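Spelled out, the chains give:
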Amino acid sequence: MIRDHKLWLILAVLASAHLIVLWAHFFAPYDFASQERAIPFAPPSRLHFVDPEGHFHMRPFVYLWEPRPGTETLGAYVEDHSQAFPLRFFVRGARYKIAGIFDSSWHLFGVEEPARIYLAGSDDYGRDQFSRLLYGGQISLFSGLMAAGVSLALGLVLGALAGFYGGLVDDVVMRCAELFLALPWLYLLFAVRAFLPLHIPPTQAFLMLVLVIGMVGWARPARLIRGVLLSAKERNYVLAARGFGASDFYLLRRHVLPEAYGLLLTQAALLAPQYILAEVTLSFLGLGVGEPVPSWGNMLASLQKYYVLTSYWWMFVPGLALVSVFLLYYQLCKVLQEQVKLVRF
Amino acid sequence: MRYFFRRLIHTMFLLLGVSVLSFLFVALAPGDYFEEMRLNPQISQATVAAMRSKYGLDQPLPKRYFRWMQSVLRGELGFSFSYDTPVRPLLVARAKNTLLLTATAALLSWLVAIPLGVWSSSRKAKWLDRVLTLGTTTLLAIPDLMLALVLLLIALRTGWFPTGGLHDIRFSRLNAWGKVEDTVAHIFLPVMCLVLGSLPILFRHIRSALVEVLDSPFIRSARGHGIPEGRVLFLYALPAAANPLISLFGFSVGTLLSASLLVEVLMSWPGIGPLLVEAILARDIYLVIGAVMFSTLFLVGGNLLADLLLYLADPRIRME
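On a predicted model such as this, the values are computed, not experimentally measured, just so you know.

K.L.:
Residue-level account of empty space enclosed by the protein, with values.
P.N.:
This model, assessed by the stated rule, comprises two cavities of 30 Å³ or more. A volume near 50 Å³ is recorded for the largest cavity. Lining the largest cavity are Leu183, Leu188, Ala191, Val192 and Phe195 of chain A together with Val18, Leu21, Ser22, Phe25 and Val292 of chain B. The set of elements that each furnish at least two residues to the lining of the largest cavity consists of helix H5 (185–194) of chain A together with helix H1 (2–28) of chain B. In terms of residue count, the dominant contributor to the lining of the largest cavity is H1 of chain B (four residues). Residues of the lining of the largest cavity, tallied by class, amount to nine nonpolar, one polar and no charged.

Here's what the structure looks like:
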């Protein structure tokens, strides 16, 4: 067992990020598609503790954003100090379903209508960026993770076949792997994407992304796993077990594959961020999950307009989330690599 | 020489494999370029069918592949529906720009990464090494997409650099020096983005390769003989660490190509990247296949170049 606080700390942070994203219904104050067209590009709400008369309040409150008088520019807003809207926890809001069965409308926090709380501003339709960030994380984080799963499963099966049986199987699999590795990976991904329908519903788009990204990336893990298996199957205890009449499947499961677990773990930590980025890139260019369903990629896509890029810094928020998730994954990868050298799985 | 002949044949087979793979994907794909036309009530079904048969889309796949192969041998690389010309002239014009961008970026990132890596490894665990390692780790976590957006933001806010395209509108009226100046100004932003994106990986590999070599006895004895440190690092240690780095060069071409795809689209650099995305959105399959083949060619070319360098650098490989 691994006794490394750093590893567990990183894992805990990553896991909680995934959980929060998974329960976005509850943690997000609004639905991802609910619009407030009157105030597009509203800046992040300021949480106040002191009212205009100078009284201090324990419970923070927000004001309504209203267009700055006399300006026509988008996103020029001032706070309307006439009425304060205190921040409340565990409030009723937009309805949603838990696990597709139970009806609920509880949200972690919110403010009373008509005020809206924007922790990370709002976008060109006046949709809450923070809520969309959480919902978008469902697509972005989990497509990366699941695609990594697909890649590793494919790589494990093919790599194990090639490494364990050798001969013709090995030749065929490894030639195919070479073919996939010979292509610049983003080009390959785009090419495969090119031959699938362009406009598809979000659930299908998500599954398509997982499969496409996962299947394009099988070659590298397969090669690595083959390498591990090649050395593992020559060990004396494997030969001995074979001599006692152990079947191929038993040998693979009991003696050979356990040597590859460490490799699988580090590869997962390495592939997941890469695949998250792949999803983000595809959605950014309009080849992934489409509006109104958010993904970090299509949220960033509005930055392709120069006036959005220069005027509204909060549109960068999905990018910041992306960078922090990457940092976590790279740290995880580093720690795992050190640990795998020390610990035999 | 025979070694290269073999590599060349290997490359040919690889390209052949890539083309077969692409056509297999085409076969799996529902719909084609004329799909949208069919939905248009103003165009009769007969016209659509006639156009499809004109471009050979009604033929079975092996026959289409065969026809495509013929057009490759004629040097046309298939036919683009949306541009209504053979694919090759379209791609060649764009490929030059991509090559200019990636080659400049590759050169620059290696020129920066080698001194940094060597410098950092020679001061292992000192503050400079720590700062550089921390910096590159952070840089590694920032994807090219974000780098490009932030660089664009800086360029737009300050107005120091043009933010798109290859040349200024007045390009044709500039003199020779002005043309160079204009190109440098336009290429700066995308190259900067690619260099920052590939630097951390190169730096880490160079550093770790050198750290290993610097531990070896011959370096200690060289230092013991009083040979100046700079000479030890660059003339003794670097050549000894060259082998994995040369292989890394081939690998870095691939990463640069992938990164440049996105950077080109974002900074509207007229390379293969924007063309590919356009072609995908228009379902222009032969253009897509052509673009993928070209990018493979670049990558394979980079690997071949790396092998050639390795061949020249390492006498052991020459002996084989």
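Next, the rest of the story.
K.L.:
So, the pattern of salt bridges: which residues are in play, and what are the values?
P.N.:
Where charged atoms of side chains with opposite charge meet at close range, the side chains can pair. All names here are of chain A. The full count for this structure, using the stated rule, is nine salt bridges over all chains. As a salt-bridge pair, aspartate 170 and arginine 226 come within 2.7 Å of each other at their nearest N and O atoms. Residue aspartate 170 is found in helix H4 (residues 167–182), and its partner arginine 226 is found in helix H7 (residues 219–232); the two are separated by 56 residues along the sequence. The buried category is assigned to aspartate 170, whose relative accessible area is 11%. Bridged by salt links that share partners, the residues Asp123, Arg127 and Arg132 form one connected network.

K.L.:
Explain the sheet that holds strand S2 (residues 56–67) of chain A to me, using residue names and the numbers behind them.
P.N.:
All names here are of chain A. In spatial order, the strands read S1-S2-S3; together these three strands make up an open sheet with antiparallel pairing. Sheet topology places strand S1 (48–50) and strand S3 (77–86) at the edges, where each strand pairs with a single neighbour. On average, each strand axis in the sheet is tilted by 50° relative to the strand beside it, whichever way the strands run. Pairing analysis gives two bridges linking S1 to S2, with the strands arranged antiparallel. Across the sheet, residue histidine 48 finds its bridge partner in S2, namely phenylalanine 61.

Basis of the calculations
Residues numbered from 1 in each chain as written. Chains lettered and ligands numbered in written order. Predicted model: local features only at pLDDT ≥ 70, side-chain atom pairs only at ≥ 80, totals over all residues. Heavy atoms only, no water. 1 Å grid on protein atoms, 1.4 Å probe; cavity = no way out; pocket = protein on both sides within 12 Å on 5 of 7 lines; lining within 4 Å. Points joined across faces, edges and corners; volume = space filled by probe spheres on them. Helix = DSSP H or I, 4+ residues; strand = E, 2+ residues; numbered from the N terminus. Nonpolar A, V, L, I, M, F, W, Y, C, P; charged D, E, K, R; others polar. Salt bridge = Lys/Arg side-chain N within 4 Å of Asp/Glu carboxyl O. Buried < 20%, exposed > 50% of the residue type's maximum accessible area, 1.4 Å probe, protein only. Pairing = 2+ DSSP bridges. Axes fitted to C-alpha atoms, helices over the stretch in contact; angles between N-to-C directions.

Purely geometric stuff here, so don't read any function into it on its own.
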